[in-house]
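So the chains spell out like this:
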Amino acid sequence: MALIAVKIPKKIQMLFFSLIGLSWATGLAFFALKTWFIVEGEFGPEKHPWQQPMLMIHGGSSFLIMMMFGALLVSHVPSTWKLNRLRGIGITLVSIISFQVISAYMLYYLGNETMRDIIEYMHLFVGFILPFIILQHVLAGKKKKVAAINKS
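So, how was this worked out
- For every chain, the first residue of the written sequence is number 1, and numbering continues from 1 onward in sequence order.
- It should be noted that, the model being predicted, local features are given only for residues of pLDDT at least 70 and side-chain atom pairs only at 80 or more, the latter also being counted only at that level, while totals for whole chains, interfaces and linings use all residues.
- Excluded from the side-chain calculation are hydrogens and water; included are all heavy atoms of the structure.
- Each helix is a run of H or I in the DSSP string that is no shorter than four residues. Each strand is a run of E no shorter than two, and both are numbered from the N terminus.
- Centres within 6.5 Å make a pair out of two Phe, Tyr or Trp rings, where for Trp the six-membered ring is used; the pair is then stacked when the planes are under 30 degrees apart, edge-to-face when over 60, and tilted otherwise.
- Here the term buried applies to any residue with accessible area under 20% of the maximum for its type, exposed to any over 50%, and partly exposed to those in between, with areas from a 1.4 Å probe on protein chains only.
- Charges are assigned to positions over rings by a cutoff of 6 Å between ring centre and Lys NZ or Arg CZ, combined with an angular limit of 35 degrees from the ring normal.
- The set of buried Ala, Val, Leu, Ile, Met, Phe, Trp, Tyr and Cys residues whose side-chain atoms join them within 4.5 Å is what this entry labels a nonpolar core.
- For this analysis, residues touch if any pair of their heavy atoms sits within 4.5 Å.
- Lines fitted to C-alpha atoms define the axes, with helix axes restricted to the stretch in contact, and inter-axis angles between N-to-C directions lie between 0 and 180 degrees.
- Left-handed is the label given to a crossing in which the near helix is rotated counterclockwise from the far helix by less than a right angle, and right-handed is the label when the rotation is clockwise.
- Each residue receives one of three labels: charged for Asp, Glu, Lys and Arg, nonpolar for Ala, Val, Leu, Ile, Met, Phe, Trp, Tyr, Cys and Pro, and polar for the others, Gly being one of them.
- Only residues whose relative accessible area exceeds 30% and that form no salt bridge are eligible for patches; like-charged ones are grouped when within 9 Å, while nonpolar side chains (Val, Leu, Ile, Met, Phe, Trp, Tyr) are grouped when within 5 Å.
- The protein chains shown are the only cover counted for residues, whose accessible areas, like all others here, come from Shrake-Rupley with a 1.4 Å probe.
- Any carboxyl oxygen of Asp or Glu that lies within 4 Å of a side-chain nitrogen of Lys or Arg is treated as forming a salt bridge with it.
- In this count, Lys and Arg are taken as positive residues and Asp and Glu as negative ones, while His and the chain termini are left out.
- To locate a charge, the coordinates of NZ of Lys, CZ of Arg, CG of Asp or CD of Glu are taken.
- Polar contacts, as counted here, are pairs of nitrogen or oxygen atoms within 3.5 Å of one another; within protein the pair requires one atom able to donate a hydrogen and one able to accept it, and residues that are adjacent in sequence qualify only if both atoms are side-chain atoms.

Caption draft 1: Region of interest: unusual backbone geometry. One non-glycine residue, asparagine 84, adopts positive backbone phi at about 55°. On the secondary structure map, asparagine 84 appears in the loop between helix H3 (76-81) and helix H4 (87-109).

Caption draft 2: Just the packing of aromatic side chains, in detail. Following the criterion strictly, the structure yields eight aromatic pairs and no others. Between the aromatic rings of phenylalanine 16 and phenylalanine 17, the centroid separation amounts to 6.2 Å while the plane-to-plane angle is 55°, which identifies the pairing as tilted. For phenylalanine 16, a relative accessible area of 10% translates into the label buried. Taken together, a centroid distance of 4.8 Å and an interplanar angle of 45° make the contact between tyrosine 105 and tyrosine 109 tilted. Taken together, the residues tyrosine 105 and tyrosine 109, both in helix H4 and four residues apart, mark about one turn of the helix. Classification of tyrosine 105 by relative accessible area gives exposed; the value is 53%. On the basis of relative accessibility, which here comes to 54%, the residue tyrosine 109 falls in the exposed class. Three or more aromatic residues joined by ring pairs make a cluster, and in this case those are Trp24, Phe128 and Phe132. Over the aromatic face of tryptophan 81 sits the side chain of arginine 87, whose NZ or CZ is 4.1 Å from the ring centroid.

Caption draft 3: Quick look at the nonpolar core. The biggest cluster of nonpolar side chains holds 16 residues, and the ones touching the most others in it are Phe16, Ile20, Leu130 and Ile134. When residues of this core are traced back to their parent elements, those giving at least two are helix H1 (10-36), helix H2 (51-74), H4 and helix H5 (113-151). Not counting the four nearest positions on each side in its chain, phenylalanine 16 is found in contact with Ile65, Met68, Leu72 and Ile134.

Caption draft 4: Inspection of the packing of H1 against H2 at higher detail. Interaxial distance between H1 and H2 falls to 8 Å at its minimum, and their mutual angle equals 150°. Classified by chirality, the crossing of H2 by H1 is left-handed. The residue inventory of the contact of H1 with H2, partitioned by class, reads 16 nonpolar, seven polar and one charged.

Caption draft 5: Geometry of the packing of H2 against H4. Two elements in contact, H2 and H4, have axes whose closest approach is 12 Å; the angle formed by their N-to-C orientations is 145°. By crossing handedness, the relation of H2 to H4 is classed as left-handed. Residues Met66, Phe69 and Leu73 of H2 touch H4, and the partners they reach there are Val94, Ile97, Ser98 and Val101. Its residues assigned to classes, the contact of H2 with H4 shows six nonpolar, one polar and no charged.

Caption draft 6: Quick peek at a positive patch on the surface. Residues Arg85, Lys143, Lys144 and Lys151 make up a contiguous surface patch of positive charge. Within the secondary structure layout, lysine 151 lies in helix H5. Lysine 151 gets classed as exposed once you look at its relative accessible area, which sits at 77%.

Caption draft 7: Region of interest: the pattern of salt bridges. Within the structure shown, the criterion is met by one salt bridge. A salt bridge links lysine 34 to glutamate 120; the shortest N-O distance between them is 3.0 Å. Residue lysine 34 is found in helix H1, and its partner glutamate 120 is found in helix H5; the two are separated by 86 residues along the sequence. By relative accessible area, lysine 34 is classed as partly exposed at 33%.

Caption draft 8: Here's a closer look at the side chain of serine 75. If you trace the backbone, serine 75 turns up in the loop between H2 and H3. Of the residues examined, serine 75 reaches a relative accessible area of 4% and is grouped as buried. A distance of 2.7 Å separates the side chain of serine 75 from the backbone oxygen of alanine 71, its partner in a polar contact.

All we've got here are geometric facts, nothing functional implied.
Right, here's the structure in full:
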């Protein structure tokens, strides 16, 4: 529990950011291939051959992100909650990542095509903005840390 507390070690940060980047890129690539890239097959229009591999990589990196998210929930979140510094954006991040997990589950198991289309676009939009919110959280944390050091 002490390994990831207020300050997340650089190696863990880099792994987390790399996984977020990989998931983000493959999610967008999957959506683009699914939406705009149809190839002509032997029997007519077919899915692009890279569509399924992109989704598989996206899912794999997302599972790893979920494991890291769980570690952050039991270590980083309680440690920083006591500091009462970035609660607003922290709550936003936990909510957004939780939404992504739930909406991914629904995309995988939901049979209703109309609802599935709505959830797909919600998952896409929230997933698109997620790295920017994480970046804002990290930068705000660094700014608060500098302000706290200057106060001392």
